Amino acid sequence: RDVAHNTGQDRAVVFVYDPAVGRTQIIPAIKVGTVREPTTAPDGPGGGGGAQASARGDQPYFDRDVFVPAAAGEVMTLPAYWMVRGYAAPGMLLDQDSVGSDAATWYNSQIYDGNNTGSNIKQEAHWVFPETGFFPADAQVNGGGLDGGFDNVDRDLPTARQSFMIRFDARTGAVSRDTSAALFVDPRNSSEREYGNQPTPHQQSLRIDLAEDLEVWASGVLNSTDLNNNLNAFGNDDLELREQLIGTASNDTILVKPVSRVALYDERRLALGIGARGLNSLTQTLYLPHEQDEQDVEIRFDMDLFANNPDVNTEEEVLERINQWINGDTNFDDQLDFDDEPESRLYLIQSYTGELKEVLR
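Note that this is a predicted model, so its numbers are computed, not measured. (Residues numbered from 1 in each chain as written. Predicted model: local features only at pLDDT ≥ 70, side-chain atom pairs only at ≥ 80, totals over all residues. Heavy atoms only, no water.)

1. Quick word on the overall build of the protein
Note the following rule: Runs of E in the DSSP output that reach at least two residues are strands. Runs of H or I that reach at least four are helices, and both are numbered from the N terminus. With the radius of gyration taken over C-alpha atoms, the globule rule is written as 2.2 Å times the number of residues to the power 0.38. Relative accessible area decides the class of each residue, using a 1.4 Å probe on protein chains only: under 20% of the type maximum gives buried, over 50% gives exposed, and in between gives partly exposed. Residues are treated as being in contact if the distance between any of their heavy atoms lies within 4.5 Å. Under the convention used here, a 1.4 Å probe and the Shrake-Rupley method define accessible areas, while residue burial counts only the protein chains that appear. When charges are counted, Lys and Arg contribute as positive and Asp and Glu as negative, whereas His and the chain ends are disregarded. By convention, the point assigned to a charge is CZ for Arg, NZ for Lys, CD for Glu and CG for Asp.
Along its length, the protein carries seven helices and 14 strands. Over its C-alpha trace the protein gives a radius of gyration of 20 Å, about what one expects of a compact globule, namely 21 Å for 361 residues. Its C-alpha atoms give the protein principal-axis dimensions of roughly 70 × 45 × 40 Å. Expressed as a percentage of the 361 residues in the protein, the buried residues total 52%. Contacts spanning at least 24 positions in sequence make up 68% of the contacts within the protein whose residues lie at least 6 apart. Within the structure as shown, the protein displays about 16,400 Å² of accessible surface, and the carbon and sulfur contribution to it stands at 45%. Charged side chains of the protein number 28 positive and 59 negative; the gap between the two group centres comes to 6 Å.

Below, the structure written as structure tokens:
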């Protein structure tokens, strides 16, 4: 908050979970610019070739602010099994594009009923988990090949990496009133990158894994007037290449929304509380690990954890129980009473100070 107020740039803290690390991280971030993304791709190879790119001028779009890790920020790592969830208020899973049409892009896996904008699940409130580590790390883009190439964006697939942030306004230092989705640059851990082992200087400038400064790299991608260096590589225009490098389609970014309430809890206590026999041994969560030799596997709960629980048979029932348990309804009777023993800790983020105020139940 203080840094935002003193620098004139919006700041945030972003919540990230990587199953390989097994820890939740809280990463300070700074806004570096905005990227415009069409809501649909024009016809053509890989979801839109250069010959069709001009059609995008007539398409609905989203303007998404872009954040990168703040160079001066200290990353906080929680102890093992301790997690943070963000509160998505009723209807927050829906967005409106530039022409006012509903769209479902944030938390749009089948757990949350996909892209179905008319779903009751989209209208309900949820405590969302930082789903940032369940994706094909070798794929540059959502639905793309596992060789790291800039091709084959599949816009029908859910966005792979999704989380939440607490955002602070640069003018006042207060918690931002902006509720629109943004993008956080978080390079994936992969050796599979386009341009191979001997990239030209221009190609090297596009590789995020070779960037010495993420803020400089992201600003260059956002502001360049010739990302393709007049090569028109892969038939893509600059707009499409920018999307593949830093947009929603890129697996080097995380789609985030600001929240004003968070929950702190022990994942093991949550699992036992909602009737699971434990956690997935590979992710240390209720989620299945991603199959890294597949590019279109969706984020799913590990339903085998509930094999012996006749009251939990579907992912929707898991989702409902998570929301109830986090809220403090540990008896799952849709009300708080003296028999409930809440084990999560809920916090409101104070608007003008950024401080956490615990909600007592």
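The rest of the description comes next.
2. Here's the deal with the nonpolar core
Test applied: What makes a nonpolar core is a set of buried Ala, Val, Leu, Ile, Met, Phe, Trp, Tyr and Cys residues whose side-chain atoms join them at distances within 4.5 Å.
Judged by nonpolar contacts, the single largest core of 70 residues is most densely connected at Trp106, Phe164, Ile246, Ile274 and Leu286. Ranked by residue count, the leading element in this core is helix H7 (residues 315-327), at five residues. If you look at the next biggest cluster of nonpolar residues, it comprises 11 residues, including Ala12, Phe67, Met165 and Val256.

3. Remarks on the environment of Gly328
Among the secondary structure elements, Gly328 is positioned in the loop between H7 and strand E13 (345-349). Classification of Gly328 as buried rests on a relative accessible area of 0%. Look past the residues within four positions of Gly328 in its chain and what remains in contact with it is Leu336, Asp340, Pro342 and Arg361.

4. Remarks on the pattern of salt bridges
Rules: Basic side-chain nitrogens of Lys or Arg form a salt bridge, by our definition, when they fall within 4 Å of a carboxyl oxygen of Asp or Glu.
Going through the model one piece at a time under the given rule, you end up with 17 salt bridges. Across the pair Asp63 and Arg36 runs a salt bridge, and its minimum N-O distance is 2.7 Å. Of this pair, Asp63 sits in strand E3 (residues 61-69) while Arg36 sits in strand E2 (residues 23-38), placing them 27 residues apart in sequence. Residue classification places Arg36 among the partly exposed residues on the basis of a relative accessible area of 43%. Residue Arg345 is joined to Glu358 by a salt bridge in which the shortest nitrogen-to-oxygen separation is 3.1 Å. Of this pair, Arg345 sits in strand E13 while Glu358 sits in strand E14 (residues 356-359), and the two are 13 residues apart along the sequence.

5. What about the pairing of strand E1 (residues 11-18)?
Our working definition: Pairing between strands requires that DSSP locate at least two bridges from one strand to the other.
Most of E1 sits out of view: six of its eight residues are buried. Alignment of E1 against strand E9 (residues 162-168), held across four bridges, turns out to be antiparallel. When the sheet's bridge partners are listed, Ala12 is paired in E9 with Arg167. Bridging between E1 and E2 involves eight bridges; their strand directions are antiparallel. Paired with Val14 across the strands is Ile27, a residue of E2. As consecutive antiparallel partners, E1 and E2 are separated by four residues, and within that stretch Gly22 has a phi angle of approximately 75 degrees, a positive value.

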